[in-house]
Amino acid sequence: DALGTLHDVDLTVQIAQSHVCAHEDCNLPGASLPCRKRDCDRRFHLPCARAAGGFLDDNTRVMLCRMHSTSSSGGSAGGGPG
């Protein structure tokens, strides 16, 4: 929300534990950040998404994996400003 309050944290943690990080150097459970491209099932930990070259818009909190960031975002890899 506008105040930055986290919602459904327990549920998010529970769901994340069933997802393995798609970053080739990680592959550990707990990946909660999905690529927002339709039909992409890749999920990452936040630092792994950045390290793997994904596009993360810090304002909208939308993430695209490297495979989809170059084809559909028009943005830069590795995150937005600051």
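Residues numbered from 1 in each chain as written. Predicted model: local features only at pLDDT ≥ 70, side-chain atom pairs only at ≥ 80, totals over all residues. Heavy atoms only, no water.

J.: What is the right way to look at unusual backbone geometry in this model?
T.: It is generally the case that most residues other than glycine have a negative phi and that most peptide bonds are trans. One non-glycine residue, Asp39, lies in positive phi territory at about 70 degrees. Notably, Arg61 is not glycine yet its phi reads approximately 60 degrees, a positive angle. Relative to the helices and strands, Arg61 is located in the loop between strand S3 (55-57) and strand S4 (62-64). Residue class for Arg61 comes out exposed when judged on its relative accessible area of 58%. (Helix = DSSP H or I, 4+ residues; strand = E, 2+ residues; numbered from the N terminus. Buried < 20%, exposed > 50% of the residue type's maximum accessible area, 1.4 Å probe, protein only.)

J.: What am I meant to see in the side chain of His45 here?
T.: Summarising the element assignment, His45 is placed in the loop between strand S2 (43-44) and helix H2 (46-51). Filtering out sequence-adjacent residues up to four positions away, His45 remains in contact with Cys21, Cys26, Leu28, Pro29, Gly30 and Ala31. (Contact = heavy atoms within 4.5 Å.)

J.: Help me out: how do you make sense of the environment of Gly54 in this one?
T.: With respect to the helices and strands, Gly54 occurs in the loop between H2 and S3. Of the residues examined, Gly54 reaches a relative accessible area of 5% and is grouped as buried.

J.: Looking at this model, I keep getting lost on the nonpolar core. Mind explaining?
T.: When a protein is soluble and globular, its nonpolar side chains tend to lie buried together. In this structure, Cys21, Cys35, Phe44, Ala49, Met63 and Cys65 are the most contacted members of the largest nonpolar core, which totals 15 residues. Of all elements in the fold, only H2, S3 and S4 reach the threshold of two or more residues within this core. (Core = buried A, V, L, I, M, F, W, Y, C linked by side-chain atoms within 4.5 Å.)

J.: Looking at this structure, how should I read the confidence of the model for the protein?
T.: Parts of the model with low pLDDT should not have their predicted coordinates read in detail. Confidence along the protein averages 82 in pLDDT terms, with 82% of residues attaining 70 or more. Taken element by element, the protein is modelled with least confidence in helix H3 (residues 66-72), mean pLDDT 76, and with most confidence in S2, mean pLDDT 94. Here residues 72-82 scores under 50 on pLDDT; set against residues more than four positions off or in separate chains, the count is 22 contacts. (pLDDT = per-residue confidence, 0-100.)

J.: What is the right way to read the side chain of Ser69 from this model?
T.: Relative to the helices and strands, Ser69 is located in helix H3. A polar contact of 3.3 Å, which involves the side chain of Ser69, links it to the backbone oxygen of Arg66. (Polar contact = N/O pair within 3.5 Å; in protein donor to acceptor, adjacent residues only side chain to side chain.)

J.: Sorry if this is basic, but what is going on with the pattern of salt bridges here?
T.: Side chains bearing opposite charge may pair, as long as their charged atoms lie close to each other. Across all of its chains, the model carries one salt bridge by this definition. When the shortest N-O distance is used, the salt bridge between Arg50 and Asp58 registers 3.0 Å. A relative accessible area of 34% means that Arg50 is categorised as partly exposed. The exposure class assigned to Asp58 is partly exposed, which follows from its relative accessible area of 29%. (Salt bridge = Lys/Arg side-chain N within 4 Å of Asp/Glu carboxyl O.)

J.: Is there a simple way to think about a nonpolar patch on the surface in this case?
T.: Together, Leu6, Val9 and Val13 make up an exposed nonpolar region whose accessible area comes to about 290 Å². Within the element layout of this structure, Leu6 appears in the segment before helix H1 (9-16). We classify Leu6 as exposed; its relative accessible area is 69%. (Patch = residues over 30% accessible without salt bridge, like charges linked within 9 Å, V, L, I, M, F, W, Y side chains within 5 Å. Areas by Shrake-Rupley, 256 points an atom, 1.4 Å probe, with all protein chains shown as cover.)

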